Amino acid sequence: EGFFVAMVAPNEETTSSEIVRKDVAFVFDVSGSMSGPKIDQARQALKGCLNLMNPGDGVYLVAFNDGLNPWSNDREMLDESVRASASSFADGLKAGGGTNIRNAVLLALDELKDSERPTAIVFLTDGLGENPVDVTLKDIEAANPGRRTRIFAFGVGEDVNQSFLERLGRENRGGFTGIHGGVAIDQAVAEFYSSISKPVLTDLEIDFG
């Protein structure tokens, strides 16, 4: 009593016109703790996501350390030129400075708040920030009413604040993926992005009367 299971399997022969377009903000950590292999791994993950996105999806990208460095002032609708521009921006990023996670995620949430499409943040970081974790999570919750925007955290490197990143993903209807020396980045990105790349049903509700 009191339990049920529902299994929903969309048709695998989905056409492009049936796929719901979405808006995705990438938040890319370029602080000093990301120097060396970490930033290279994060860059590969970012470019892997860009390559898997559908034409017409909205893209926003902001790099951050103790300051904010947005790739553009607004979301851009993905086509080959936008994909190339965002990838080129990522290639030029260097690691250095502090880590203001709070402001970077809040900027991305603000950019997505007026979207009428499904929204998500892909957060590429080691999670080693300057702001207190509880304060950061509380501020993000306030800026993401109803957990409307899903947040997917990629923890890059061996020394990551995994507990914080797992909470960030779990409390915002997203998830956490660890990327380190023993994980194939292209496989990790492909497995993650396959779960959000082609939505055909969104914001489902069940009415029990």
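Refer to the structure above for everything that follows.
Computed from a prediction, not measured in an experiment: that's the story for all the values here. (Residues numbered from 1 in each chain as written. Predicted model: local features only at pLDDT ≥ 70, side-chain atom pairs only at ≥ 80, totals over all residues. Heavy atoms only, no water.)

## Some words on the pairing of strand S2 (residues 58–64)
And then number 1: The element S2 is extensively covered by neighbouring structure, given that 7 of its 7 residues are classed as buried.
And then number 2: Residues Gly58, Tyr60, Val62 and Phe64 point to one face of S2 and Val59, Leu61 and Ala63 to the other, with burial holding for every one of them.
And then number 3: As judged from the 7 bridges shared by strand S1 (residues 23–29) and S2, these two strands associate in the parallel manner. Across the sheet, Val24 pairs through a bridge with Val59, a residue of S2. (Buried < 20%, exposed > 50% of the residue type's maximum accessible area, 1.4 Å probe, protein only. Helix = DSSP H or I, 4+ residues; strand = E, 2+ residues; numbered from the N terminus. Pairing = 2+ DSSP bridges.)

## Some thoughts on a nonpolar patch on the surface
And then number 1: On the surface, Phe4, Ile206 and Phe208 cluster together into a nonpolar patch covering about 410 Å² of accessible area.
And then number 2: Residue placement: Phe208 occurs in the segment after helix H6 (185–194). (Patch = residues over 30% accessible without salt bridge, like charges linked within 9 Å, V, L, I, M, F, W, Y side chains within 5 Å. Areas by Shrake-Rupley, 256 points an atom, 1.4 Å probe, with all protein chains shown as cover. Salt bridge = Lys/Arg side-chain N within 4 Å of Asp/Glu carboxyl O.)

## Things to note about unusual backbone geometry
And then number 1: The backbone phi angle of Arg147 is positive, close to 50°, even though this residue is not glycine.
And then number 2: With respect to the helices and strands, the residue Arg147 is situated in the loop between helix H4 (133–143) and strand S6 (150–156).
And then number 3: You can call Arg147 partly exposed: its relative accessible area is 40%.
And then number 4: Residues other than glycine seldom take positive phi values, yet Arg173 does so here, at roughly 55°.
And then number 5: Checked against the element boundaries, Arg173 lands in the loop between helix H5 (162–170) and strand S7 (175–179).
And then number 6: Given a relative accessible area of 26%, Arg173 falls into the partly exposed group.

## Observations regarding the packing of H4 against H5
And then number 1: Two numbers describe how H4 lies on H5: the axes approach to 11 Å, and their chain directions differ by 15°. As the angle between them shows, H4 and H5 are arranged roughly parallel. Considering only the axes of H4 and H5, their crossing is right-handed. Taken together, the residues of H5 that come into contact with H4 (itself represented by Val133, Asp134, Thr136, Leu137 and Ile140) are Phe164, Arg167 and Leu168. (Axes fitted to C-alpha atoms, helices over the stretch in contact; angles between N-to-C directions. Parallel < 35°, antiparallel > 145°, perpendicular 65-115°, else oblique. Left-handed = near helix turned anticlockwise from the far one by under 90°. Contact = heavy atoms within 4.5 Å.)

## Digging into the packing of aromatic side chains
And then number 1: Counted by the stated rule, this structure contains 3 aromatic pairs.
And then number 2: Through a chain of ring-to-ring contacts, the aromatic side chains of Phe152, Phe154 and Phe192 assemble into a single cluster. (Phe/Tyr/Trp six-rings, centres within 6.5 Å; stacked < 30°, edge-to-face > 60°.)

## Digging into the nonpolar core
And then number 1: Counting 34 residues, the largest nonpolar core has Phe26, Phe28, Leu46, Met53, Leu61, Leu124 and Phe192 as its most contacted members.
And then number 2: Sorting the residues of this core by element identifies S1, helix H1 (37–52), S2, helix H2 (80–91), strand S5 (119–125), S6 and H6 as the ones contributing at least two each.
And then number 3: Among the elements that make up this core, the one with the highest residue count is H1 (6 residues).
And then number 4: Not counting chain neighbours up to four residues away, the residues in contact with Leu46 comprise Phe26, Phe28, Leu61, Ala90 and Leu124.
And then number 5: Formed by 21 residues, the second largest nonpolar core is a distinct cluster that contains Val27, Ala104, Phe123 and Leu165. (Core = buried A, V, L, I, M, F, W, Y, C linked by side-chain atoms within 4.5 Å.)

## Observations concerning H6
And then number 1: Buried residues of H6: Ile185, Ala188, Val189, Phe192 and Tyr193, and no others. Buried residues of H6, viewed axially, fall in a sector of 115°; they line one side. Of the residues in H6, the exposed ones pointing more than 90 degrees away from the buried face are Asp186, Glu191 and Ser194. (Arc of directions from axis to C-beta.)

## So, the pattern of salt bridges
And then number 1: This model, assessed by the stated rule, comprises 14 salt bridges.
And then number 2: The salt bridge involving Asp23 is made with Arg75; its shortest N-O contact spans 3.4 Å. A residue pair is termed long-range when its members are at least 10 positions apart, and Asp23 in strand S1 and Arg75 in the loop between strand S3 (68–70) and strand S4 (76–77) qualify at 52 residues. You'll find Asp23 and Arg75 in the same group, each marked buried.
And then number 3: What you see here is one network of salt bridges that share partners, running through Asp23, Arg75, Glu111, Asp114 and Arg117.

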